[in-house]
Amino acid sequence: MTQPSNFLTKAFQAVAVLLIAATFVGLGIWQLQRAADLKESLKVATTIDTTVVPLESVTSPSESIPATALNTTVSVTGHYIANFKAPNQIDGNGTVDDWEVALLQVGTDSAILVVRGLWSERLLNPDIQQSMNIDVVGLMVASQFGDRAENSAGVISRLDSAVVTSLTDLNLYDGYILASKEATRTGALDRTRVTPEKLTSRIPGFYWQHLSYVVIWWLMAGVVLYLPFYRRRVTP
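Parameters at a glance
Residues numbered from 1 in each chain as written. Predicted model: local features only at pLDDT ≥ 70, side-chain atom pairs only at ≥ 80, totals over all residues. Heavy atoms only, no water. Salt bridge = Lys/Arg side-chain N within 4 Å of Asp/Glu carboxyl O. Helix = DSSP H or I, 4+ residues; strand = E, 2+ residues; numbered from the N terminus. Buried < 20%, exposed > 50% of the residue type's maximum accessible area, 1.4 Å probe, protein only. Lys, Arg positive; Asp, Glu negative; His and termini not counted. Polar contact = N/O pair within 3.5 Å; in protein donor to acceptor, adjacent residues only side chain to side chain. Contact = heavy atoms within 4.5 Å. Pairing = 2+ DSSP bridges. pLDDT = per-residue confidence, 0-100. Phe/Tyr/Trp six-rings, centres within 6.5 Å; stacked < 30°, edge-to-face > 60°.

1. Some points on the pattern of salt bridges
- Taken as a whole and assessed by the stated rule, the structure comprises seven salt bridges.
- Residue E100 pairs with R116 through a salt bridge whose shortest N-O separation is 3.3 Å. Pair noted here: E100 is in strand β3 (residues 96-106) and R116 is in strand β4 (residues 110-118), with a separation of 16 residues, a long-range link. Accessibility assignment for this pair places E100 and R116 in one class, buried.

Following this line, the structure appears as structure tokens:
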């Protein structure tokens, strides 16, 4: 009875060791995939797609903006229903200035913020009326998180639809459009356009942390597999 018992014990130990090692290997593969996903999302976030697509094809109102919609060039038609000053904004050249931001109603029940240009040029198109349809083409950008000013009448603290929810019953799009073109049925609206902040391609530190965890998990798998042989060597 001793030999079968010893055999079963050793077999159980071997299976346990293999299961633990397989778990560590699986965790390493999962961590490696997380690192790959992070790198791919970073690539999406730092690449501007100049192909113009309809706004409704990349995102929807009342929902968080998908990562795939960021930095895409979108087109949308609507009419401006409100105008705001967005102070202390920074463009792609590092210039700090006040921007003109308008709320564009899209269809009958939704709206999105549009950066039209510099606040100092807000009077360049005095013929625009709220009932006039405007064709907008621009870059889809994620909402800002940090306030640049205080909210007050006609002023928004940051480029974020959340700060204007109390002013309208419309379903708001997450993010905003950085307009590069505006046009009415009579022609283009010419003015200085704001350039987006420069996108960095630097990989965040936690990307490398993911890779370090991959190494740790796989080292632990190696240790688990090696321990039984080590015990044999040191056991007299």
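2. Remarks on the side chain of E121
- For E121, the position within the fold is in the loop between β4 and β5 (134-141).
- Buried charged residue E121 carries no salt bridge. Nearest counter-charge: R191, at 4.3 Å.
- A polar atom in the side chain of E121 sits 2.8 Å from the side chain of T192.
- Discounting chain neighbours no more than four positions away, the residues touching E121 are R191 and T192.

3. Remarks on the side chain of Q89
- Residue position: Q89 is located in strand β2 (residues 72-90).
- Given a relative accessible area of 1%, Q89 falls into the buried group.

4. Some details on the pairing of strand β6 (residues 171-184)
- Pairing between β4 and β6: five bridges, direction parallel. Residue L113 lies in a different strand from β6, and its bridge partner there is Y176.
- As judged from the seven bridges shared by β5 and β6, these two strands associate in the antiparallel manner. What sits directly across from V137, in β6, is K181.
- Linkage of β6 to strand β7 (residues 187-188), two consecutive antiparallel strands, is achieved through a turn of two residues.

5. Focus on the confidence of the model for the chain
- Within the chain, residue pLDDT values average 83, and 83% of them lie at 70 or more.
- Per-residue pLDDT, averaged within each element of the chain, yields its smallest value for helix α1 (residues 2-45) (73) and its largest for β4 (96).
- Note on residues 200-204: pLDDT under 50 across the span, and eight contacts to partners over four residues away in sequence or across chains.

6. Comments concerning the packing of aromatic side chains
- A full pass over the atoms with the stated rule returns one aromatic pair.
- Ring geometry for F24 against W217: centres 5.8 Å apart, planes inclined by 20°, an arrangement best described as stacked. Of this pair, F24 sits in helix α1 while W217 sits in helix α2 (residues 205-234); the two residues are 193 residues apart in sequence, bridging distant segments of the chain.
- Residue W217 is classed as partly exposed on the basis of its relative accessible area, which comes to 23%.

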